[in-house]
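# Breakdown of the fold
One-letter residues, chain by chain:
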Amino acid sequence: MHETAGPDEPAPGSLDRRVRYQEAFEFAPDCQLVTNPVGIILEANHAAAALVDHRKEFLIGKPLPLFAAEGSRSRFYECIWRLDLGAPNDAFESKLVRRGDGPRDIHAVARAGERQTDSRAPVTIHWIIRDVTEWRRAEATRTELQRRLTTAQEDERQRVARDLHDGTGQMLTALSLSVRAVRDAGPLTQEAHARLDHVQRLIDELARQVHDLATALRPAALDDLGLEAATRQFVANWSKRAKVPTDFQIIGPHGRRFPPEIETVLFRVVQEGLTNVAKHAGASRAAVMIGSTAESAVAVVEDDGTGFDMEGVTKTLLPGEAPTGHARLGILGMRERVALVGGTLEIETTPGRGTTVIARLPLQP
């Protein structure tokens, strides 16, 4: 015979499910809490007690916002208010105080339980709170290392560019003068003149390529004259090489200098943006704008080319998957450079309708 539950007994299997749920709740790796609709803690697991360094018995009956760091409690109450108005869940980042250890960075997710029949207020709220303090510290360390690496790369670019200009460039100039001296030294056959002319053309082309390479690495005008002059020169040369008419505009005070790291990032965004236009856009026209206010500096690169599928290019990579394709690498590189100085990068594009790249960088620390 099968066992049946009495009128006051739980249905068969429900007790087992409750036990499994309680075990999963108690021993979950993240802090889990259950509160009533106003935030009073009803249940807490072991991770919750460890997070704030109090016994579970101490937590029961206390308001959850009581454990928030000073200045962070309002966000907990705002979450409770949102759920009370009918929101199914809410997520936010804040700080909790761990006894004897100061504030801890946390990521909190709150989910409304069953609703009361006479109102939209939840009967209970289930909280999952993850301690992200160490992750934040690691991320800050990674950002600082990336900033140092970027600075070192720019310093090395500047050194190599100067070596090319001062070393290789001067040697090519000396070689050109030597060819001219041979031509002027005395009578030469027509064949010898032709050969010297050919050598001179090779020297001139090599000198141009060395100059372009040095400018691409680190234009001297960026350090000597500033972003406006360097960008104007780069855009003119790029337009000539790419055979794409390009408009260049300055919005705001002309000749204004920004902090070196800001000028470098904006110039690299323009450089990478136009490189992408030349390689991928098939554009008939392009435009570059540098603008500034008291609070921020902006660089805009726009084209009327083919555009692309932004979602496909910037889709989230799977673990261990490396970015492929110049467009993706270029976008990732621009985003990372801009983020290192606290800025934002926006890309507006639609297949067949061109692309606009907008970099906004704060001028205040």
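Criteria and thresholds
Residues numbered from 1 in each chain as written. Predicted model: local features only at pLDDT ≥ 70, side-chain atom pairs only at ≥ 80, totals over all residues. Heavy atoms only, no water. Helix = DSSP H or I, 4+ residues; strand = E, 2+ residues; numbered from the N terminus. Rg over C-alpha atoms; globule rule 2.2 N^0.38 Å. Buried < 20%, exposed > 50% of the residue type's maximum accessible area, 1.4 Å probe, protein only. pLDDT = per-residue confidence, 0-100. Contact = heavy atoms within 4.5 Å. Disulfide = S-S within 2.5 Å. Salt bridge = Lys/Arg side-chain N within 4 Å of Asp/Glu carboxyl O. Polar contact = N/O pair within 3.5 Å; in protein donor to acceptor, adjacent residues only side chain to side chain. Core = buried A, V, L, I, M, F, W, Y, C linked by side-chain atoms within 4.5 Å. Expected span 1.5 Å × (residues − 1). Phe/Tyr/Trp six-rings, centres within 6.5 Å; stacked < 30°, edge-to-face > 60°.

Time to look at the overall build of the protein chain. Secondary structure summary: the protein chain contains 11 helices and 10 strands in total. The globule rule puts the C-alpha radius of gyration for 365 residues at 21 Å, and the 32 Å found for the protein chain is more than 25% above it. For the protein chain, the C-alpha atoms occupy an extent of roughly 120 × 50 × 40 Å along the three principal directions. The buried share of the protein chain, taken over its 365 residues, is 37%.

A word on the confidence of the model for the protein chain. Looking at the protein chain as a whole, its pLDDT mean stands at 86, while 90% of the residues score no less than 70. Segment residues 316-326 is flagged for pLDDT under 50; beyond a separation of four residues in sequence, or across chains, it makes 12 contacts in the model.

Inspection of every chain in the model, using the stated rule, returns zero disulfides. Left without a disulfide partner, Cys31 is nearest to the cysteine sulfur of Cys79, which lies 13 Å away. For Cys79, a relative accessible area of 0% translates into the label buried.

With that settled, consider the pattern of salt bridges. Taken as a whole and assessed by the stated rule, the structure comprises 30 salt bridges. A salt bridge links Arg218 to Glu154; its shortest N-O distance comes to 3.0 Å. A residue pair is termed long-range when its members are at least 10 positions apart, and Arg218 in the loop between α6 (190-217) and α7 (220-224) and Glu154 in helix α5 (residues 133-185) qualify at 64 residues. For Arg218, a relative accessible area of 10% corresponds to the buried category. Of the charged contacts, one joins Asp197 and Arg183 as a salt bridge, the two residues approaching to 2.9 Å between their closest N and O atoms. You can see Asp197 sitting in helix α6 and its partner Arg183 sitting in helix α5, a full 14 residues away along the chain.

The subject of this paragraph is the side chain of Arg104. Tracing the backbone through its elements, the reader meets Arg104 in strand β4 (residues 102-112). Looking at Arg104, its side chain comes within polar contact range of the side chain of Asp131, at 3.0 Å. Aside from chain neighbours lying at most four places away, what touches Arg104 is Ser94, Lys95, Leu96, Arg98, Asp131, Thr133, Glu134 and Arg137.

Counting 37 residues, the largest nonpolar core has Leu266, Val270 and Leu274 as its most contacted members. It is helix α9 (residues 260-281) that provides the largest number of residues to this core, a total of nine residues. Ignoring sequence-local partners within four residues, the contact set of Leu274 consists of Phe234, Val235, Trp238, Val288 and Val301. Judged by nonpolar contacts, the second largest core, of 24 residues, contains Phe76, Leu83, Phe92 and Ile106.

Note on helix geometry: an α-helix contains 3.6 residues per turn, so any two residues three or four positions apart are oriented the same way. Along its 22 residues, α9 runs 30 Å from first to last C-alpha, staying within 8% of the 32 Å computed at 1.5 Å per residue. Two residues or fewer after α9 comes Gly282, characterised by a positive phi angle close to 60 degrees.

The next subject is the packing of aromatic side chains. Per the stated rule, a full pass over the model turns up four aromatic pairs. On the numbers, 5.5 Å between centres and 65 degrees between planes, the contact of Phe234 with Phe267 is edge-to-face. Taken together, the residues Phe234 in helix α8 (residues 227-242) and Phe267 in helix α9 connect sequence positions 33 residues apart. The exposure class of Phe234 is buried, given its relative accessible area of 8%. The exposure class assigned to Phe267 is buried, which follows from its relative accessible area of 0%.

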